[in-house]
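Structural overview for review
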Amino acid sequence: MTDALLTISDLSLGFRGEAGFAHILDGVNLTMRPGEIMGLVGESGCGKTTLARAILGVLPRAALELRGGAIGFRGTNMLADDGAQAAIRGRRITFIPQDPFSSLNPVFTIGEQIDDLMKWKSPRRGEGGRWPALLAPYGRSRRAADRAAVIETLEAVQLPQPERLLRKYPHEVSGGQRQRLMIAMALLPEPDLIIADEPTTALDVTIQAQILGLLRRLASERGVAVMLTTHDLGSAWEICDAVTVMYAGQDVEAAPVAEFFTAPAHPYTNKLLASLPDAEGGGAMTGIPGEVPDFLAPPPGCRFAPRCERASAACATRPPQAARGAGHLVRCVHPVAAPVPAEAGA
Ligand SMILES: Nc1ncnc2c1ncn2[C@@H]1O[C@H](COP(=O)(O)OP(=O)(O)OP(=O)(O)O)[C@@H](O)[C@H]1O
């Protein structure tokens, strides 16, 4: 796809420890377009955070074993180019963490931490005249422009009295305000892509909806793509344009959000959706029988096969992604048939 922002192709990696090689990501393929909000969903432990960290280039190097694949960002394979990755990370791709409190340094004011961010990651950093970016002095005019951008962005995330806020310490603001601050800090470098790793898990339910709504609005207004990792399908429905489902380190299905909920094709996606309580809050919560495989000895081929009612011997070989419709890809030998449209046979 020529207009892709992020293209992950056949990414395979894991961690080597005393017990052996834990093969966490197994041939993951995923594409994001500029400005798209994509939900990366799946049960706890399916590899969402590992994938997000791989894109950011912050996986622990000592244990990491890269088996193959590429992470292309605007055509550059970041896995093959440490320099490009360092230049992209924190500028073209930024991050919103799960727990905003542990991401802020408790001994510095919010203003000091934002100043430090702007010193290194401001989009105006390259404007150092004859100086290379690394040596460019942090001069008065850039400081003033950066400060104006900070105030504008804090106002955009609806943080009241931004000047006063900058003088506060992280413990002096609420959890919801800290997460608004994280969104502001992710926007300030003017990135193309924000990776938001379960950004509302640490917040209570009413604040969660506000934060997700804010993220959706600002991303759309500023044309920033967002990868939202979540195990909450409701959040994906609220704000995403498209959804990619992971199971045990494999991508199983990717679809535009409406199609994801109305015409899921992979048996795992169907089970995942069937396990949700219904809209009235009734209905039994049905779990999926069986267990997530051990990453030290995963089954060959489709990792969902041992829990899948539709599985056959053919599932011991993982199928390529197959198109079900525009932007709808599924990886399954025995996908669930698409529902018959209501007008058929009428
Ligand atoms: N550094 C590491 N060394 C060994 N195993 C790891 C390491 N990091 C993650 N894992 C394992 O990788 C698997 C996937 O973890 P990951 O955190 O990516 O899943 P997740 O889908 O983000 O889960 P959650 O929703 O609970 O955050 C887990 O079994 C985890 O124990």
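- For the protein, the name recorded in an unreviewed UniProt entry is ABC transporter ATP-binding protein, with Paroceanicella profunda as its organism.
- Entered under Subcellular location (unreviewed entry) in the UniProt record, the comment concerning the protein runs "Cell inner membrane".
- As stated in UniProt under Sequence similarities (unreviewed entry), the record for the protein gives "Belongs to the ABC transporter superfamily."

**With respect to the nonpolar core**
- Counting 84 residues, the largest nonpolar core has Ile-183, Leu-193, Ile-195, Leu-215, Val-226, Met-227 and Leu-228 as its most contacted members.
- Top element by residues in this core is helix H7 (residues 175-187). It accounts for seven residues.
- Two domains each donate at least three residues to this core, and these are domain 1 (1-92 + 194-279 + 317-337) and domain 2 (103-188).
- The residues contacting Met-227, other than those within four sequence positions of it, are Met-32, Met-38, Leu-40, Ala-52, Leu-193, Ile-195 and Ala-196.

**Focus on the packing of H7 against helix H8 (residues 205-222)**
- The geometry of H7 relative to H8 is characterised by a closest axis approach of 10 Å and an angle of 15° between their N-to-C directions. When the axes of H7 and H8 are compared, the pair comes out roughly parallel. Here H7 and H8 pass one another in a crossing that is right-handed. Here Gly-176, Gln-179, Arg-180, Ile-183 and Leu-187 of H7 lie close against H8, whose contacting residues are Ile-207, Gln-210, Ile-211, Leu-214, Leu-215, Leu-218 and Arg-222.

**Here we look at the domain arrangement of the protein**
- By domain assignment, the protein separates into domain 1 (1-92 + 194-279 + 317-337) and domain 2 (103-188).
- Between the C-alpha centres of domain 1 and domain 2 the distance comes to 28 Å.
- Its residues assigned to classes, the side of domain 1 that touches domain 2 shows nine nonpolar, two polar and two charged.

**With respect to the sheet that holds strand S9 (residues 242-247)**
- Here eight strands make up an open sheet; going across it, the order is S6-S7-S8-S3-S9-S10-S12-S11 and the pairing mixed. Strands at the two margins of the open sheet, each flanked by one partner only, are strand S6 (93-96) and strand S11 (322-325). Direction aside, neighbouring strands of the sheet carry axes that sit 20° apart on average.
- Relative to strand S12 (residues 328-330), S11 runs antiparallel, the two sharing three bridges. The partner of Ala-323 across the bridge, within S12, is Leu-329.

**Comments concerning the pairing of strand S8 (residues 225-230)**
- With six of six residues buried, S8 lies mostly within the body of the structure.
- Of the pairings in the sheet, the one linking strand S3 (residues 37-41) to S8 comprises five bridges and is parallel in character. Note on S8: the bridge partner recorded for Leu-40 is Thr-229.
- Of the strand pairs in this sheet, strand S7 (residues 193-197) and S8 are connected by five bridges, and their pairing is parallel. From the neighbouring strand, Ile-195 faces S8, where its bridge partner is Met-227.
- In this fold, S7 hands off to H8, which returns the chain to S8; that crossover is right-handed.

**With respect to the site of the ligand**
- For the ligand, the set of nearby residues contains 16 residues, the closest of which are Phe-15, Ser-44, Lys-48, Thr-49 and Thr-50.
- Those elements that provide at least two residues to the shell around the ligand are strand S1 (6-17), strand S2 (20-32) and helix H1 (48-56).
- No other element matches the three residues that H1 contributes to the shell around the ligand.
- Class assignment of the residues belonging to the shell around the ligand gives a composition of seven nonpolar, eight polar and one charged.

**Considering helix H4 (residues 110-121)**
- Spanning 12 residues, H4 covers 16 Å between terminal C-alpha atoms, matching the ideal 16 Å at 1.5 Å per step.
- All of the buried residues along H4 are Ile-110, Ile-114 and Met-118. Taken end-on, H4 shows its buried residues confined to a sector of 65°, consistent with a single buried face.
- The secondary structure elements touched by the buried residues of H4 are helix H5 (140-156), helix H6 (162-166) and H7.

**Re unusual backbone geometry**
- Notably, Gln-161 is not glycine yet its phi reads approximately 45°, a positive angle.
- We classify Gln-161 as exposed; it has 11 C-beta atoms within 10 Å.

**A short note on the sheet that holds strand S5 (residues 76-77)**
- Ordered by their spatial adjacency, four strands build an open sheet running S2-S1-S4-S5, and the pairing between neighbours is antiparallel. Looking along the sheet, the strands with just one partner apiece sit at the ends: S2 and S5.
- Looking at chain direction, strand S4 (residues 64-73) and S5 are connected through two bridges and run antiparallel. Bridge pairing in S5 links Phe-73 to Thr-76.

**Structural notes on the confidence of the model for the protein**
- Overall, the predicted model of the protein reaches an average pLDDT of 89, with 91% of residues at or above 70.
- When mean pLDDT is taken per element in the protein, strand S10 (residues 250-256) scores highest with 97 and helix H3 (residues 100-103) scores lowest with 79.
- Across the predicted assembly, pTM comes out at 0.90 and ipTM at 0.95.

**Remarks on H8**
- The end-to-end C-alpha distance of H8 is 26 Å, a good match for the 26 Å that 18 residues give at a rise of 1.5 Å each.
- Those residues of H8 not exposed but buried are Gln-208, Ile-211, Leu-212, Leu-215, Leu-218 and Ala-219. The buried side chains of H8 occupy one side of the element, clustering within an arc of 140° when seen end-on. Residues of H8 that are exposed and point over 90 degrees away from its buried face: Thr-206, Gly-213 and Glu-221.
- Close packing links the buried residues of H8 with S3, H5, H7, S7, S8 and helix H9 (233-239).
- Once H8 ends, the next one or two residues include Gly-223, with phi positive near 65°.

Cut-offs applied
- Residues numbered from 1 in each chain as written.
- Predicted model: local features only at pLDDT ≥ 70, side-chain atom pairs only at ≥ 80, totals over all residues.
- UniProt positions renumbered as here; feature names shortened; annotations may be inferred.
- Core = buried A, V, L, I, M, F, W, Y, C linked by C-beta atoms within 7 Å.
- Buried ≥ 20, exposed ≤ 12 C-beta atoms within 10 Å, placed from the backbone.
- Helix = DSSP H or I, 4+ residues; strand = E, 2+ residues; numbered from the N terminus.
- Domains from an automatic or database assignment.
- Contact = placed C-beta atoms within 7 Å.
- Axes fitted to C-alpha atoms, helices over the stretch in contact; angles between N-to-C directions.
- Parallel < 35°, antiparallel > 145°, perpendicular 65-115°, else oblique.
- Left-handed = near helix turned anticlockwise from the far one by under 90°.
- Nonpolar A, V, L, I, M, F, W, Y, C, P; charged D, E, K, R; others polar.
- Pairing = 2+ DSSP bridges.
- Right-handed = clockwise from strand over helix to strand, strands pointing away.
- Near = placed C-beta within 6 Å.
- Expected span 1.5 Å × (residues − 1).
- Arc of directions from axis to C-beta.
- pLDDT = per-residue confidence, 0-100.

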